[in-house]
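# A closer look at the structure
Now for the letters of each chain:
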Amino acid sequence: MSLDTAPAGRRTGGWGVLVLLCLAQFMLIVDITVVQVALPTIGVDLALDRESLTWVVTTYTLCFGGLMVLGGRLADALGARRTLLAGLGLFTAASLLCGLAGSGAALIAGRALQGVGASLLSPAALAVITTTFTGERRGRALGVWAAIGGTGAALGVLVGGVLTAGPGWSWVFFVNVPIGLVVLAAVPALVPPARGRGERVDVPGALVVTLATALLIYGLVTAGDAGWGAAGTVLPLAGSVLLYVLFVVVERSVRSPLMRAETLARRPVISGTFVMLMATGLMLGLFFLSSLYLQHVLRFSALETGLLFLPVAIAITIGAQLGGHLIGRIGGRPVAVASFVLTAAGAALMTRISPDASAYTTLLPGFVLAALGIGPAFVTATTTTMANIPPGENGVASGVINTFHELGGSIGVAAVSTVAASSLAPGSAGGVGGFVAGLTLCAVVAVVAAAVSLGLVPPGRPAAAFVGHGHGHGHGH
């Protein structure tokens, strides 16, 4: 009863809460890609080698993705608002440290703290949205939230280009500070305090799953540099598998586990994590290849590269809005399948790149088409999962989904950089063979994802579950 009546009383403040939380999430997502365009400048200023530069990018996603489930569990146990404020405060302070960093070590440490703050903020914010809205309004709110995943990442490239070309790379981080302070000031007024469930948090489980995820991402990143057969790739990946097994053992022995097996075994959670993993992997894989192709082969500046990503950001946003409307009418399954088919077609079109032809006629049309497909996939992943989760598990479920958002990005970048290695090596004289191979891989993976989604994503509309009972599984006809 309370679930259905509480949000009605907050109808006026609901959209204000959504705008505020989306602004905070936007900041976190922008920070995944904003550094990519600034990297060459940061490398020169701080005298960093390529390996250190890789860590400037991956330390953030490592801590963000690795600690996300713990963040979700804390939101359930201590209350979402408290967890949200703690994460936001830490992220804002860490952004200031990154901007002031005078060495590679200081910058990487700041990026790690940013990731920890993000891992608390993101699942808590999603849990607040899920409890603030009910019915169709929740579907619309989750659609807006999901769109930020793609739009923020694409705009991150643009913002990175503009700030690096203008006031300098430090402002890539400084820009978060005023935004963070505004959101910090407004949250207590707009987000009602929610009592946590006061249960003990499973710290051993959290540490094991975080270390397992960290090793997995580390192994994948190393694969991009050293190849899949190198000891630096194989050992972390094997260690990661062992730790995931240990995690399952730990979860069976503690009284209040971090993740309940029944939550993870729910079909909507399995399908949601799969769709999120694929969508983010494809998106960041395509971003990575395009950004490097434009700067290395076509000699675009950081600003020009950023500007070319603007139509891509718009396409992701339009796709996500379309997806949000369609899921309520025809259900998640057809939307997921169509999303991946569009992405495959777009990536296939992008393989026509050539150093002699304009990026605006070869790369951009396919890139925009792929982005239009990726937008609805994000919405499908979030909506179909959060619609079918019992109320007490919102934080953990959103933590799991968001973990796969970060994992997908790391896997996508590691995979395409391994395949495209021949064109990424210094002195490859602008050859595009590696880039074409990477784009072809994205097209093939998208086709496979469409086929899997056809069988995995639950049929029917998620509308029944949006009423606030949390147990419904759509109408499935």
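Basis of the calculations
Residues numbered from 1 in each chain as written. Predicted model: local features only at pLDDT ≥ 70, side-chain atom pairs only at ≥ 80, totals over all residues. Heavy atoms only, no water. Helix = DSSP H or I, 4+ residues; strand = E, 2+ residues; numbered from the N terminus. Contact = heavy atoms within 4.5 Å. Areas by Shrake-Rupley, 256 points an atom, 1.4 Å probe, with all protein chains shown as cover. Phe/Tyr/Trp six-rings, centres within 6.5 Å; stacked < 30°, edge-to-face > 60°. Buried < 20%, exposed > 50% of the residue type's maximum accessible area, 1.4 Å probe, protein only. pLDDT = per-residue confidence, 0-100. Polar contact = N/O pair within 3.5 Å; in protein donor to acceptor, adjacent residues only side chain to side chain. Axes fitted to C-alpha atoms, helices over the stretch in contact; angles between N-to-C directions. Parallel < 35°, antiparallel > 145°, perpendicular 65-115°, else oblique. Left-handed = near helix turned anticlockwise from the far one by under 90°. Nonpolar A, V, L, I, M, F, W, Y, C, P; charged D, E, K, R; others polar. Core = buried A, V, L, I, M, F, W, Y, C linked by side-chain atoms within 4.5 Å. Salt bridge = Lys/Arg side-chain N within 4 Å of Asp/Glu carboxyl O. Expected span 1.5 Å × (residues − 1).

This part is about the overall build of the chain. Across its full length, the chain holds 22 helices and zero strands. Here the analysis covers contacts within the chain between residues at least 6 apart in sequence; of these, 83% occur between residues at least 24 apart. Only carbon and sulfur atoms are counted for the fraction: they give 71% of the accessible area of the chain, which is about 17600 Å².

A word on the packing of aromatic side chains. Per the counting criterion, the structure on display carries nine aromatic pairs. Plain terms: the ring middles of Trp171 and Phe174 are 5.2 Å apart, the flat faces sit at 75° to each other, and that makes the pair edge-to-face. Placement of the pair is Trp171 and Phe174 together in helix α8 (residues 171-174), with a separation of three residues, close to one helical turn. Judged by its relative accessible area of 17%, Phe174 is buried. Centre to centre, the rings of Phe287 and Phe367 are 5.9 Å apart; their planes meet at 75°, and the pair counts as edge-to-face. With Phe287 in helix α13 (residues 267-297) and Phe367 in helix α18 (residues 364-386), this pair connects stretches of sequence that are 80 residues apart. Connected via pairs of aromatic rings, a cluster forms that spans Tyr60, Phe64 and Phe91.

Below, the discussion takes up the confidence of the model for the chain. Averaged over every residue, the pLDDT of the chain is 80; the share at 70 or more is 87%. Within the chain, the lowest mean pLDDT, 36, falls on helix α1 (residues 2-9), and the highest, 93, falls on helix α16 (residues 332-350). Predicted confidence for residues 1-12 stays below pLDDT 50, and this span has 15 contacts to residues more than four positions away or in other chains. Of the regions scoring below 50 in pLDDT, residues 463-477 engages in 40 contacts with residues more than four places distant in sequence or in other chains.

We now examine the side chain of Asn176. Of note, Asn176 is situated in helix α9 (residues 176-190). Within the structure, the side chain of Asn176 is placed 3.2 Å from the side chain of Ser95, a separation counted as a polar contact. Residues within four places of Asn176 in sequence aside, it is in contact with Met27, Asp31, Phe91, Thr92, Ser95 and Gln114.

With that settled, consider the packing of α13 against α16. Direction vectors running N to C along α13 and α16 enclose 20°, while the axes themselves pass 12 Å from each other. Classified by the interaxial angle, the pair formed by α13 and α16 is roughly parallel. In this structure, the crossing between α13 and α16 has a hand that is left-handed. The segment α13 lies against α16, with Arg267, Val275, Met278, Ala279, Leu282, Leu286 and Ser290 engaging Arg333, Phe340, Thr343, Ala347 and Met350. When grouped by side-chain class, the residues that make up the contact of α13 with α16 number eight nonpolar, two polar and two charged.

Membership of the largest hydrophobic core comes to 112 residues, with the highest contact counts inside it found for Leu286, Phe287, Tyr293 and Leu294. At 17 residues, the largest contribution of residues to this core is made by α13. In this view, Phe287 contacts Thr33, Ala153, Ala154, Phe309, Val312, Ile316 and Phe367; residues no more than four positions away in its chain are not counted. In terms of nonpolar packing, the next biggest core, distinct from the first, is built from 18 residues, Val30, Ala38, Leu46 and Cys98 among them.

On to the packing of α13 against α18, then. Relative orientation of the contacting elements α13 and α18 amounts to 155°, with a least axis distance of 8 Å. Classified by the interaxial angle, the pair formed by α13 and α18 is roughly antiparallel. Here α13 runs over α18; the crossing is left-handed. Among the residues forming the contact of α13 with α18, the class breakdown is 15 nonpolar, seven polar and no charged.

Further remarks concern the pattern of salt bridges. Enumeration over the complete set of coordinates arrives at one salt bridge. In this structure, the salt-bridge partner of Asp31 is Arg111, at a minimum N-O distance of 3.5 Å. Of this pair, Asp31 sits in helix α2 (residues 11-46) while Arg111 sits in helix α6 (residues 104-132), and the two are 80 residues apart along the sequence. As far as the burial class goes, Asp31 and Arg111 line up, both buried.

Let's shift gears to α13. With 31 residues, α13 should reach 45 Å at 1.5 Å per residue; the first-to-last C-alpha distance of 44 Å fits that figure. In terms of burial, α13 is a largely internal element, 27 of the 31 residues being buried. Two residues or fewer after α13 comes Arg299, characterised by a positive phi angle close to 60°.

Along the chain, the position of Thr380 falls in helix α18. If we ignore the near neighbours within four places in the chain, the residues touching Thr380 are Ile327, Gly332, Val335, Ala336 and Thr385.

Here Leu18 shows up in helix α2. Taking the relative accessible area as the measure of exposure, Leu18 reaches 4% and is therefore buried. Along the primary structure Leu18 and Ile129 are separated by 111 residues, whereas in three dimensions their C-alpha atoms are 6.8 Å apart. Every residue in contact with Leu18, bar those within four places of it in the chain, is listed here: Ile129, Phe133, Ala141 and Val144.

Another aspect to go through is the environment of Cys98. The residue Cys98 is located in helix α5 (residues 80-100) in this model. The buried category is assigned to Cys98, whose relative accessible area is 0%. On a C-alpha basis, the gap between Cys98 and Ser170 in space is 7.4 Å, while along the polypeptide they are 72 residues apart. Other than its neighbours up to four places away in sequence, Cys98 contacts Leu107, Gly110, Arg111, Gln114, Trp169 and Phe173.

Turning to unusual backbone geometry, a few remarks are in order. Excluding glycine, residues mostly carry a negative phi; peptide bonds, for their part, are mostly trans. Backbone geometry at Arg299 places phi at a positive 60°, although glycine is not the residue there. Positionally, Arg299 belongs in the loop between α13 and α14 (302-308). Residue classification places Arg299 among the exposed positions, given a relative accessible area of 65%.

The next point concerns the environment of Ala437. Examined against the element boundaries, Ala437 turns out to sit in helix α21 (residues 433-456). Sequence-wise, Ala437 and Val419 are 18 residues apart; in three dimensions their C-alpha atoms are separated by 6.4 Å.

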